[in-house]
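Inside the fold
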Amino acid sequence: MKEQLKVGDKIASLVSLSLTPLKITAVKKVYLDKDQVEIEGQAILFSSAIYAKLPDDMDENLALSVLDVAGAPAQVQRLVKPGDNVLVMGAYGKSGVLCNAIAKERAGVTGKVIGLVRNEKYIDICKATGCDEVILASATDAVAVQKEVSRVTNGKMADVVINCVNIEDTEMASIMACRDRGLVYFFSMATSFTKAALGAEGIGADVDMILGNGYAYGHALISLDLLRRNPTLMKIFKERYV
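What counts and how
Residues numbered from 1 in each chain as written. Predicted model: local features only at pLDDT ≥ 70, side-chain atom pairs only at ≥ 80, totals over all residues. Heavy atoms only, no water. Salt bridge = Lys/Arg side-chain N within 4 Å of Asp/Glu carboxyl O. Helix = DSSP H or I, 4+ residues; strand = E, 2+ residues; numbered from the N terminus. Buried < 20%, exposed > 50% of the residue type's maximum accessible area, 1.4 Å probe, protein only. Pairing = 2+ DSSP bridges. Axes fitted to C-alpha atoms, helices over the stretch in contact; angles between N-to-C directions. Parallel < 35°, antiparallel > 145°, perpendicular 65-115°, else oblique. Contact = heavy atoms within 4.5 Å. Nonpolar A, V, L, I, M, F, W, Y, C, P; charged D, E, K, R; others polar. Phe/Tyr/Trp six-rings, centres within 6.5 Å; stacked < 30°, edge-to-face > 60°. Lys NZ or Arg CZ within 6 Å of the ring centre and 35° of its normal.

**Remarks on the pattern of salt bridges**
Using the criterion set out here, one finds 17 salt bridges in the structure. Between Arg 228 and Asp 57 there is a salt bridge; the shortest N-O distance is 2.8 Å. On the criterion of sequence distance, the pair formed by Arg 228 in helix H8 (residues 219-229) and Asp 57 in the loop between strand E4 (51-53) and helix H1 (60-67) is long-range, its members being 171 residues apart. When its relative accessible area of 52% is taken as the criterion, Asp 57 is described as exposed. The partner of Glu 133 in a salt bridge is Lys 112, and the shortest N-O contact between them spans 4.0 Å. Of this pair, Glu 133 sits in strand E7 (residues 133-136) while Lys 112 is found in strand E6 (residues 112-117), placing the two residues 21 residues apart along the sequence. When salt bridges that share partners are traced, they join Lys 6, Asp 9 and Lys 53 into one network.

**Notes on the pairing of strand E3 (residues 36-43)**
Where strand E2 (residues 22-31) and E3 come together, eight bridges link them in antiparallel fashion. Residue pairing across strands places Leu 22 opposite Ala 43, the latter belonging to E3. Counting the residues between successive antiparallel strands, the hairpin from E2 to E3 contains four residues, one of them, Asp 35, with a positive phi of roughly 60°.

**A look at the packing of H1 against helix H9 (residues 231-241)**
Interaxial distance between H1 and H9 falls to 9 Å at its minimum, and their mutual angle equals 110°. One way to sum up the angle between H1 and H9 is to call them roughly perpendicular. Of the residues in H9, those touching H1 at Asn 61, Leu 62, Ser 65 and Val 66 are Met 234, Phe 237, Lys 238 and Tyr 241. Tallied by class, residues from the contact of H1 with H9 come to five nonpolar, two polar and one charged.

**Here's the deal with the packing of aromatic side chains**
Under the counting rule described, the total for this entry stands at three aromatic pairs. On the numbers, 3.8 Å between centres and 10° between planes, the contact of Tyr 92 with Tyr 122 is stacked. You can see Tyr 92 sitting in the loop between strand E5 (85-89) and helix H3 (94-107) and its partner Tyr 122 sitting in the loop between E6 and helix H4 (123-128), a full 30 residues away along the chain. By relative accessible area, Tyr 122 is classed as partly exposed at 24%. Centre to centre, the rings of Phe 237 and Tyr 241 are 5.3 Å apart; their planes meet at 50°, and the pair counts as tilted. Of this pair, Phe 237 and Tyr 241 are both found in helix H9, four residues apart, which corresponds to roughly one turn of the helix. Taking relative accessible area as the criterion, Tyr 241 reaches 5% and is therefore assigned buried. Over the ring of Tyr 241 we find Lys 94; its NZ or CZ atom is 5.1 Å from the centre of that ring. One cation-aromatic arrangement involves Arg 240 over Tyr 92; the distance from NZ or CZ to the ring centre is 4.4 Å.

Here it is, written out as structure tokens:
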């Protein structure tokens with residue numbers, strides 16, 4: 001059931017702006033450090049569209065930043081089971097830190113969350129948000145990623161791979177890091193279905209692959225609640241986006 005709205009309510013559309021008819025009359029401010037643009041304009045939301053009222057207990061920019069990637073942690077909550085080895089590719093980014101936290105909650109003390117980043121200065125944030133191990137490697141270097149995941153899992157590989165890296169050519173690294181009959185979730189919109197499907201076939205990898213759907217039932221509430229109950233995530237998002 002959708003929340004009832006009245007004139008004057010502030011809402012966040014949970015439909016991608018790429019899919020939303022938008023008339024921009026003026027660009028007021030561009031926040032390069034926050035990936036946000038302040039505009040004057042009009043958007044058309046259809047009756048079937050999904051949206052969320054902005055919460056009263058949270059800064060507007062903070063809430064918008066979380067809702068922008070709400071689909072990722074909601075899907076991770078569904079996919080990860082206790083005891084799983086989970087690889088989060090792009091573990092330092094906006095969706096990555098949320099996935100780290102919820103993956104650790106789901107995997108528990110018997111599981112292991114592995115973060116993949118390229119820069120050594122990102123390690124502390126990854127560990128603070130839930131990663132047990134952090135791998136330094138390029139997400140486009142499939143062989144290097146496979147070797148590192150094998151090393152930190154004693155050859156077991158990842159049960160679940162979450163790809164949050166918004167660059168091309170990361171499909172093979174995701175697939176090769178996953179165990180046979182494991183699961184790869186491509187949240188990145190840079191994912192090529194052709195590269196993923198034919199790549200897995202070409203190396204004989206029997207893995208299940210899910211192309212990221214930005215919507216999951218209750219995903220806005222799941223993500224906002226995750227931020228509320230996790231002081232470390234709240235601090236990071238405030239520093240980055242408020």
